[in-house]
Amino acid sequence: MSTYTWGFPTRIFHLFLVLFIIIAWISADDDYLQIHSAFGYAIGVLILFRLTWGVIGPKYSHFKDFNFSIKKAFDFSKNVFNNHEKHLGHNPAASLVLFTLLIVILFIVITGVLALGAQDAKGVFASLNLTSFKELELFEELHEISANVMLVLIGAHLSGLLLDWFFHKEEGTLLSIVKGSKNIKGEDAKINFFQAIIAFLFFVLMLMSLYFTFTNLPLLYS
């Protein structure tokens, strides 16, 4: 008995986000600035997609299906070793961690783009290099601090998945982001035509952001 929980767009989003974050992290050096910023822009598109998907997306991916109660998240975490609650979507703890992670990553992208413009005179905010922001390292410092916060949140997310794998392996939560379904009885998530079109457009936008950055589009690299 299984329930289709994560649609194809959600799973593709997750795959590319993980991959792009790894690449951006590895290339976080001045010698690889173009690679780092290219995947940074692409990550920004992915985050915008996920935030949009949280408003128009299907069941379980929609933010209205998230449980943002801090008390319930605390209670769930406290009883994680013997908790028998079944969640087809995100449990209360995961809801808070994942939503916070999305916001933090978006902040990382924004500060990264601003730092690229102010310190390196590149990107969509290259004009900042002509202002007093050129002398400030605020954006770069915020970029680095928020990146470290992101690592903590990713660690919390992975810890939750591993705990679920050890104590509730039969539910198949860890593998659900790959195969799309959980071994829990419930209502299948369904994607309509409008949602499919929006997901496709964001995917195209992501590919375009990579292409234009790597080909040194004047708007991005002057």
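A few points on the structure. Just so it is clear, the model here is predicted, and its values are computed rather than measured.

Summing up its helical and strand segments, the protein has seven helices and two strands in all. Starting at the N terminus and ending at the C terminus, the protein contains elements arranged as β-α-α-α-α-α-α-β-α. When burial is assessed residue by residue, the protein has 45% of its 222 residues classed as buried. Within the protein, counting contacts between residues at least 6 apart in sequence, those at least 24 apart form 72% of the total. Entry remark: accessible area of the protein is about 12400 Å², with carbon and sulfur atoms responsible for 70%.

Positive phi, normally seen in glycine, also occurs at Tyr-60, with a value near 80°. Since its relative accessible area comes to 3%, Tyr-60 is described here as buried.

On to the environment of Phe-214. For Phe-214, the position within the fold is in helix 7 (residues 193-214). Classification of Phe-214 by relative accessible area gives partly exposed; the value is 37%. Each C-alpha atom, one on Phe-214 and one on Gln-34, is 7.1 Å from the other, the two residues being 180 residues apart in sequence. Phe-214 has contacts with Gln-34, Ile-35, Ala-38 and Phe-39, leaving out every residue within four places of it along the chain.

Let us look at helix 7. Over its 22 residues, helix 7 extends 32 Å from the first C-alpha to the last, a length consistent with the 32 Å expected when each residue adds 1.5 Å. Two or three places before Phe-194, at the start of helix 7, stands the capping residue Asn-192, its side-chain oxygen 3.2 Å from that residue's backbone nitrogen.

A grouping of Phe-193, Ile-197, Phe-200, Leu-201, Val-204, Leu-205, Met-208, Tyr-211 and Phe-212 is seen on the molecular surface, where their side chains present a nonpolar patch of about 880 Å² in accessible area. Along the chain, the position of Ile-197 falls in helix 7.

One pass over the full model with this rule turns up eleven aromatic pairs. For the pair Phe-16 and Phe-203, a centre-to-centre distance of 5.9 Å together with 55° between the ring planes defines the contact as tilted. In this pair, Phe-16 is assigned in helix 1 (residues 8-26) and Phe-203 in helix 7, connecting sequence segments 187 residues apart. These aromatic residues form a ring-pair network of at least three members: Phe-13, Phe-49, Trp-53 and Phe-202.

So, about the layout of surface pockets. Estimated volume of the largest pocket: approximately 1100 Å³. If you trace the largest pocket, you find 44 residues lining it, with His-90, Ala-94, Leu-98, His-157 and Leu-161 closest to the centre. Put simply, the parts of the chain that give the lining of the largest pocket at least two residues each are helix 1, helix 3 (70-78), helix 4 (92-120), helix 5 (138-167) and helix 6 (173-179). Looking at which element gives the most residues to the lining of the largest pocket, the answer is helix 5, with nine residues. Size it by volume and the second largest pocket reaches roughly 740 Å³. Forming the walls of the second largest pocket are 28 residues, and the residues nearest its centre are Ala-28, His-36, Gly-112, His-143 and Glu-144. Among the elements that make up the lining of the second largest pocket, the one with the highest residue count is helix 4 (nine residues).

Moving on, we come to helix 2 (residues 33-56). Helix length check: helix 2 (24 residues) gives 34 Å between terminal C-alpha atoms against 34 Å at 1.5 Å per residue, within 8%. For helix 2, a buried count of 17 out of 24 residues is recorded, marking the element as mostly surrounded by other parts of the structure.

A few words now on the nonpolar core. The tendency in soluble globular proteins is for nonpolar side chains to be buried side by side. Membership of the largest hydrophobic core comes to 37 residues, with the highest contact counts inside it found for Leu-17, Phe-20, Ile-43, Ile-47 and Ile-105. When contributions to this core are tallied by element, the ones reaching two or more residues are helix 1, helix 2, helix 4, helix 5 and helix 7. A per-element tally of this core places helix 2 first, with twelve residues. Those residues in contact with Ile-105, other than ones at most four positions away along the chain, are Leu-17, Ile-21, Ile-43, Ile-47 and Met-150. By size, the runner-up hydrophobic cluster in this structure holds five residues, among which are Trp-6, Leu-88, Ile-184 and Ala-189.

Another aspect to go through is a negative patch on the surface. Taken together, the side chains of Asp-29, Asp-30, Asp-31, Glu-137, Glu-140, Glu-141 and Glu-144 make up a negatively charged region of the molecular surface. As for its position among the elements, Asp-30 is in the loop between helix 1 and helix 2.

Procedures and definitions
For every chain, the first residue of the written sequence is number 1, and numbering continues from 1 onward in sequence order. Per-residue local features are limited, in this predicted model, to residues with pLDDT of at least 70; the limit for side-chain atom pairs, both in listing and counting, is 80 or more; totals at the level of whole chains, interfaces and linings are taken over all residues. Think of the side-chain values as coming from all heavy atoms in the structure, minus any hydrogens and water. Under the DSSP-based scheme used, a helix requires at least four consecutive residues in state H or I and a strand at least two consecutive residues in state E, with every element numbered from the N terminus. Throughout this description, buried means an accessible area under 20% of the type-specific maximum (1.4 Å probe, protein chains only), exposed means over 50%, and partly exposed covers the range between. In what follows, a contact means two residues having at least one pair of non-hydrogen atoms within 4.5 Å. Under the convention used here, a 1.4 Å probe and the Shrake-Rupley method define accessible areas, while residue burial counts only the protein chains that appear. Expected helix span is computed as 1.5 Å times (number of residues minus one). N or O atoms closer than or at 3.5 Å make up a polar contact, with two conditions inside protein: a donor-capable atom paired with an acceptor-capable one, and, for residues adjacent in sequence, both atoms drawn from side chains. Exposure above 30% relative accessible area and the lack of any salt bridge qualify a residue for a patch; like charges then connect within 9 Å, and the nonpolar side chains Val, Leu, Ile, Met, Phe, Trp and Tyr within 5 Å. By convention in these notes, a salt bridge is any Lys or Arg side-chain nitrogen within 4 Å of a carboxyl oxygen on Asp or Glu. In summary, the pairing rule links any two rings of Phe, Tyr or Trp, Trp by its six-membered ring, whose centres are within 6.5 Å, and it sorts them by plane angle into stacked for under 30 degrees, edge-to-face for over 60 and tilted for everything else. Definitions used for this entry: grid spacing 1 Å over protein atoms alone; cavity, a set of points where a 1.4 Å probe fits but cannot get out; pocket, an open set with protein on both sides within 12 Å along at least 5 of 7 lines; lining residue, one with an atom within 4 Å of a point. Grid points are joined across faces, edges and corners, and a volume is the space filled by probe spheres set on the points. For this analysis, a nonpolar core means a set of buried residues of the types Ala, Val, Leu, Ile, Met, Phe, Trp, Tyr and Cys, connected via side-chain atoms within 4.5 Å. Within this scheme the basic residues Lys and Arg register as positive and the acidic residues Asp and Glu register as negative, but His and the chain ends are omitted. The atom standing in for a charge is NZ when the residue is Lys, CZ when it is Arg, CG when it is Asp and CD when it is Glu.

In short, geometric facts, not functional conclusions.
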